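Chain residues, written in single-letter form:
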Amino acid sequence: MSDLGDLYRELILEHSKAPRNFRQSPAATRKAEGFNPLCGDRFTVYLTIEGDSIRDISFQGSGCAISKASASMMTQAVKGKSAAQAGRLFESFHRLCTGQPHSNADAELGKLTVFSGVSEYPMRVKCATLAWHTLQAALEGKQETTTE
Amino acid sequence: MSVAAKSVSGAGFDVERARADFPILQQKVHGKPLVYLDNAATAQKPRAVIEAISRYYEGTNSNVHRGVHYLSEQATNEYEEVRRTAQKFLNAADPREIIFVRGTTEGINLVAQSFGRSNVQAGDEILITGMEHHSNIVPWQIVSDERAATLRAAPINDAGELDLEAFSKMIGPKTKLVAVTHVSNALGTVNPVRRMVEIAHSFQVPVLVDGAQAAPHMKVDVQALGCDFYTFSGHKVYGPTGIGVLYGRAALLEKMPPYQGGGDMILSVTFEKTVYNRLPYKFEAGTPHIAGVIGLGAALDYVNRLGLEQIGAHESELLRYATDTLSAIPGLRIIGTARDKASVLSFTIEDIHPHDIGTILDQQGVAIRTGHHCSQPVMQHFGVEATARASFGLYNTKEEVDTLVRAIERAREVFE
Ligand SMILES: Cc1ncc(COP(=O)(O)O)c(C=O)c1O
């Protein structure tokens, strides 16, 4: 039996209650909206791209603790990174959430490894990855994405 | 006091005995006894239904209305017998008024396409309410868009009750049909359907009733309600998925064009002209879900045997008990507080998203539904993205409500 504590880790709860970079950014150069039709989670991710790097990132919206904490920690993790680096981080994060982490996942993901418990809850993978899908869409210049 | 004695409620309804009829309820989920409180999504199946379906496939399987051989005659007889069971279940005047469909969704789509297309013109209106399931919204939107007609929704108040006065005022000479849910799946509200039919009929407007959430919980009498169409799903009345019933008043059905074309719905076909079959076959194109019909018959027999009044009384008591105990939980808000409610308890908890509630409850064996319940306009009305919803069936007990409450307390601990 999976333990709830593996999913709702302290750091996740903390971020869900006090999300970082949780604001609109009217000056953003790109934004995309992500929507999970199954549970109604909805986030907008705002990006300010300078050259190839993510100079600023923020998000707004509503969702469950997992999706909100994931969005919050994502904004911290990708700030200052290039689009390609962010893409690789998402790939690694996705593998973590689906229970197939890279062997060097700890080094790649740092604090994001608190989401490893999600792999025990397949129904929640979409929650953990919604903000990341939305970031990807914003980087690719799409306006909207859904996790369906 | 013994558990059995505690659980006998209502007019001597023996819930422990009923529970024993449902094999699935005996299992554990995540190491905890299953507490199934997602009955509004679909109900579990009693052994009588499971066995009727097996018996059909093992002993009777054959196509209906086609063969001259023994099995086909048997299958046809059983199939038609269920039509009469469904007729009695709804107290319809005539078995020809009972059409087998895939479920409520198909029942509504049939009426929308067949009645809607032949009766709705540009500038006309179709009236629904603010508490409909998407399946009683979208089919009307499709027809309205096609016909340049307007879909209107009568408002609901903050308790989740229909504003009957506003509803009356929205009916007029342009209204071609009223479509209303008997019981709201998101809120539990029981609508005053009989009164609504009276109002609509005073304008000569026919009424379709979505009975998906009513049929499992109360005795339905379409003649007493006076409605023109009534539809429900087998799987919510302890029957199989993929089968349901549409009742339609014969006088209306006679005039309606077919919904789908194919075998069974015709009397004769040439390339120039097809003569449609009589009712109800005109609306049952192709080989039907025969095993589903047999299973539905067993399900209706089952609830009839237990008695819908007894079932309803038992569930009302559970709903009252659950409403009282959940209301005492700090931060818990009940969404849908109509005076007349059935089976459904929708709620939110401050600072805990319904999706997280759902996961934490599931870990304790408690199955509820979370999300918008296919009723996004209802969520918008109450200013929430989603709710958690417990919905009760005939086999649920007060002890299970207590488990629900403990599971909610656990969720509050996690999020403290
Ligand atoms: C009120 C209501 N109407 C219609 C439906 C659709 O029923 P089905 O999916 O069985 O066609 C449901 C099922 O959730 C419902 O609750």
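Residues numbered from 1 in each chain as written. Chains lettered and ligands numbered in written order. Predicted model: local features only at pLDDT ≥ 70, side-chain atom pairs only at ≥ 80, totals over all residues. Heavy atoms only, no water.

Colleague: What exactly am I supposed to notice about the pattern of salt bridges here?
Modeller: For side chains bearing opposite charge, pairing can occur when the charged atoms are close. Counted under the stated rule, the structure contains 26 salt bridges over all chains. Note that B:R410 is salt-bridged to B:E413, the shortest N-O span being 3.8 Å. Residue B:R410 and its partner B:E413 are located together in helix α15 (residues 398–414), separated by three residues, close to a single helical turn. Put simply, A:R23, A:D56 and A:K79 are held in one network by salt bridges that share partners. (Salt bridge = Lys/Arg side-chain N within 4 Å of Asp/Glu carboxyl O. Helix = DSSP H or I, 4+ residues; strand = E, 2+ residues; numbered from the N terminus.)

Colleague: Mind showing me how you'd approach the domain arrangement of chain B here?
Modeller: For interface size, the figure often reported is the accessible area lost on association. Residues and elements named next belong to chain B. Taken domain by domain, chain B holds domain 1 (3–46 + 307–414) and domain 2 (50–305). Distance between the C-alpha centres of domain 1 and domain 2: 28 Å. Contact residues are listed per partner, giving 42 residues for domain 1 and 36 residues for domain 2. Roughly 3,100 Å² is buried in total at the junction of domain 1 and domain 2, and carbon and sulfur atoms are behind 56% of that figure. If you look at where domain 1 meets domain 2, you find one salt bridge. Where domain 1 packs against domain 2, one counts 28 residue pairs in polar contact (both at pLDDT 80 or more). Those elements that provide at least two residues to the side of domain 1 that touches domain 2 are α12 (308–327), β16 (344–349) and α14 (376–382). For the side of domain 1 that touches domain 2, the leading source of residues is α14, giving six residues. Taken together, the residues of the side of domain 1 that touches domain 2 break down into 21 nonpolar, 14 polar and seven charged. (Domains from an automatic or database assignment. Contact = heavy atoms within 4.5 Å. Buried area = accessible area lost by both parts, 1.4 Å probe. Polar contact = N/O pair within 3.5 Å; in protein donor to acceptor, adjacent residues only side chain to side chain. Nonpolar A, V, L, I, M, F, W, Y, C, P; charged D, E, K, R; others polar.)

Colleague: What's the story with the environment of B:D38 in this structure? I'm lost.
Modeller: Residue and element names in this part refer to chain B. Mapping D38 onto the fold places it in the loop between β5 (35–36) and α3 (47–60). The class of D38 is buried, set by a relative accessible area of 13%. In this structure, the C-alpha to C-alpha distance between D38 and A367, residues 329 residues apart in sequence, is 6.1 Å. Apart from the residues lying within four places of it in its own chain, the contact partners of D38 are A367, I368, R369, R389 and S391. (Buried < 20%, exposed > 50% of the residue type's maximum accessible area, 1.4 Å probe, protein only.)

Colleague: Explanation requested: the interface of chain A and chain B in the structure shown.
Modeller: Listed per partner, the contact involves 20 residues of chain A and 16 residues of chain B. Of the roughly 1,500 Å² buried between chain A and chain B, counting both surfaces, carbon and sulfur atoms make up 57%. One salt bridge connects B:D356 with A:R124, and the closest N-O pair in it is separated by 2.8 Å. Summed over the shared surface of chain A and chain B, the result is ten residue pairs in polar contact (both at pLDDT 80 or more). Going through the elements one at a time, α1 (4–7), α2 (10–17) and α3 (65–78) of chain A are the ones with two or more residues in the side of chain A that touches chain B. When its residues are assigned to classes, the side of chain A that touches chain B shows 13 nonpolar, four polar and three charged.

Colleague: How should I be thinking about the environment of B:R333 in this particular structure?
Modeller: Residues and elements named next belong to chain B. Mapping R333 onto the fold places it in strand β15 (residues 332–335). Residue R333 is classed as partly exposed on the basis of its relative accessible area of 38%. The sequence separation of R333 and E350 amounts to 17 residues, and the corresponding C-alpha distance is 7.8 Å. The contact partners of R333, leaving out residues within four places of it in the chain, are S346, F347, T348, F382 and V384.

Colleague: What am I meant to see in helix α6 (residues 138–147) of chain B here?
Modeller: Because each turn of an α-helix spans 3.6 residues, side chains separated by three or four positions in sequence point in the same direction. Residue and element names in this part refer to chain B. Those residues of α6 that sit buried are P139, W140, V143 and S144. Looking straight down α6, one finds its buried side chains confined to an arc of 130°; they lie on one side. Elements that come into contact with the buried residues of α6 comprise α5 (104–119), β7 (125–129), β8 (150–154), β9 (175–181) and β10 (207–210). One or two steps after α6, the chain reaches A148, where phi turns positive at roughly 55°. (Arc of directions from axis to C-beta.)

Colleague: Would you take a moment to explain the nonpolar core for this structure?
Modeller: Proteins that are soluble and globular tend to have nonpolar side chains buried together. Counting 78 residues, the largest nonpolar core has B:F89, B:L90, B:F167, B:Y230, B:F232 and B:L394 as the members making the most contacts within it. The biggest single contributor to this core is helix α11 (residues 290–306) of chain B, with ten residues. A domain split of this core shows at least three residues from each of domain 1 (3–46 + 307–414) and domain 2 (50–305) of chain B. Beyond its immediate stretch of four places on either side in the chain, B:F89 contacts B:A215, B:K219, B:V220, B:F232, B:V237, B:L300, B:V303, B:N304 and B:L308. In terms of nonpolar packing, the next biggest core, distinct from the first, is built from 73 residues, A:I12, A:V45, A:Y121 and B:V414 among them. (Core = buried A, V, L, I, M, F, W, Y, C linked by side-chain atoms within 4.5 Å.)

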